[in-house]
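Structural overview for review
Each chain, written out:
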Amino acid sequence: MVRPNEGDEVRPEGWQEVGASHSTCEAGERTRADPVEGRGSQMMEPLEGNRTGAQEPGAVSTKQQRIAQLGARYPSRAFTSLAHVMDLEWMREAYRRTRKDAAVGVDGQTAEHYERDLEGNLRCLLERAKAGTYLAPPVRRVHIPKGDGKTTRPIGVPTLEDKVLQRAVTMVLEPLFEQDFLDCSFGFRPRRSAHQALDVLWQSTMAMGGGWVIELDIQSFFDTLDRSQLRVFIKQRVRDGVLCRLIDKWLKAGVMEQGKVTFPEAGSPQGGVVTPLTQKVISSLRC
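As the structure is a computational prediction, the values presented were derived from the model and not from experiment.

1. Section: helix α5 (residues 160–177)
One turn of the α-helix equals 3.6 residues, which is why residues spaced by three or four share an orientation. Between the first and last C-alpha of α5 there are 25 Å, a value that for 18 residues agrees with the 26 Å anticipated at 1.5 Å per step. Most pronounced at M171, the bend in α5 amounts to some 30°, and the proline P175 follows within four residues. The buried fraction of α5 amounts to 16 of the 18 residues, a majority that puts the element mostly inside the structure.

2. Considering the pattern of salt bridges
Counted by the stated rule, this structure contains 8 salt bridges. For E93, the salt bridge goes to R96, with nearest N and O atoms at 2.6 Å. On the criterion of helical spacing, the pair formed by E93 and R96 is a turn pair, its members being 3 residues apart in helix α2 (residues 88–96). Residue D101 is joined to R99 by a salt bridge in which the shortest nitrogen-to-oxygen separation is 3.1 Å. The pair D101 / R99 is uniform in exposure class, with both members exposed. Taken together, the shared-partner salt bridges connect E93, R96 and R97 into one network.

3. Focus on the nonpolar core
In globular proteins that are soluble, nonpolar side chains generally tend to be buried together. M86, M91, L165, V238, L243 and W250 are the most contacted members of the largest nonpolar core, which totals 49 residues. Elements represented by at least two residues in this core include exactly α1 (60–73), α2, α3 (111–114), α4 (118–131), α5, α7 (227–234), α8 (241–251) and α9 (275–284). When residues in this core are grouped by element, the largest group, 10 residues, is from α5.

4. Things to note about the side chain of E93
Residue class for E93 comes out buried when judged on its relative accessible area of 17%. Here the side chain of E93 touches R97 through a polar contact of 2.8 Å, side chain to side chain. Other than its neighbours up to four places away in sequence, E93 contacts V60 and M171.

5. Digging into the packing of α2 against α5
How two helices sit against one another is set out by the angle between their axes and by the gap between those axes. Axis separation between α2 and α5 bottoms out at 8 Å; the angle between their running directions is 115°. By the criterion of interaxial angle, the relationship of α2 to α5 is roughly perpendicular. Crossing geometry of α2 relative to α5 is assigned as right-handed. Seen from α2, the contacting residues are W90, M91, E93, A94 and Y95; seen from α5, they are L160, V164, L165, R167, A168, M171 and V172. Here the contact of α2 with α5 is composed, by residue class, of 10 nonpolar, no polar and 2 charged.

6. Concerning the confidence of the model for the protein chain
Per-residue confidence for the protein chain gives a mean pLDDT of 77; residues scoring 70 or more make up 72%. Within the protein chain, no element has a lower average pLDDT than strand β1 (residues 9–10), which sits at 46, and none a higher one than α4, at 98. Scored below 50 in pLDDT, residues 26–57 makes 71 contacts in the model with residues more than four places away or belonging to other chains.

What counts as what
- Residues numbered from 1 in each chain as written.
- Predicted model: local features only at pLDDT ≥ 70, side-chain atom pairs only at ≥ 80, totals over all residues.
- Heavy atoms only, no water.
- Helix = DSSP H or I, 4+ residues; strand = E, 2+ residues; numbered from the N terminus.
- Expected span 1.5 Å × (residues − 1).
- Bend = angle between axes of the 7 residues up to and from the residue.
- Buried < 20%, exposed > 50% of the residue type's maximum accessible area, 1.4 Å probe, protein only.
- Salt bridge = Lys/Arg side-chain N within 4 Å of Asp/Glu carboxyl O.
- Core = buried A, V, L, I, M, F, W, Y, C linked by side-chain atoms within 4.5 Å.
- Polar contact = N/O pair within 3.5 Å; in protein donor to acceptor, adjacent residues only side chain to side chain.
- Contact = heavy atoms within 4.5 Å.
- Axes fitted to C-alpha atoms, helices over the stretch in contact; angles between N-to-C directions.
- Parallel < 35°, antiparallel > 145°, perpendicular 65-115°, else oblique.
- Left-handed = near helix turned anticlockwise from the far one by under 90°.
- Nonpolar A, V, L, I, M, F, W, Y, C, P; charged D, E, K, R; others polar.
- pLDDT = per-residue confidence, 0-100.

Following this line, the structure appears as structure tokens:
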């Protein structure tokens, strides 16, 4: 196998190229603002051994494990072909992991209504996501009280379908970025809890024989996030056109509050499924 040179983008061998699939649902044709990025020849790495032909559907966990393995093997590389792992089986699992009893988004759609044609809806959603015709709806903003009881925190409520797609994308990105996060990091990470973080903090403090513990909170971090900086950080590891385009759409989707939609130029609404991962990326990776 030819190993990539430093700085090369990595596209795993056998991973199908995400082309311009044509949606048959109501999404319509791709717009000029949503081109499907062309890709040239790249160095590749096999996903599941040597094989030819189309990728056979496999367990979601197996695909995630392979993404994690490649991320660990090439810690300084950017991957240009990841979205192909999102098939109908992947979307079913994303839907299974999505809360069904959460508040509805701007379209008012419930899980009960969506499940009347679950397979068709998931297939249509997948086609639109890969074809570039998916339109990210604005999030419905609500305000919840903070712990001090004096101030509130704005929370964005995505639509059910948007949550499913965000979950599907998060399931692709999470195993890759998990290889880059420090072991002392606990926030928004799978199989890690606040109790574990406190235990590590206690053990470290005892090992040092005491010391200072400083708690910091960045004011309005989600609201003031520099989107261009976030894109730079993400592209250190992910240059898949489908995934990057979707993340960009979510950043620009807008916010609906009291029936009015606004489009902030900075920030990322709290409440989205993919938001915690993107915040973790910008706070944990180096430029």
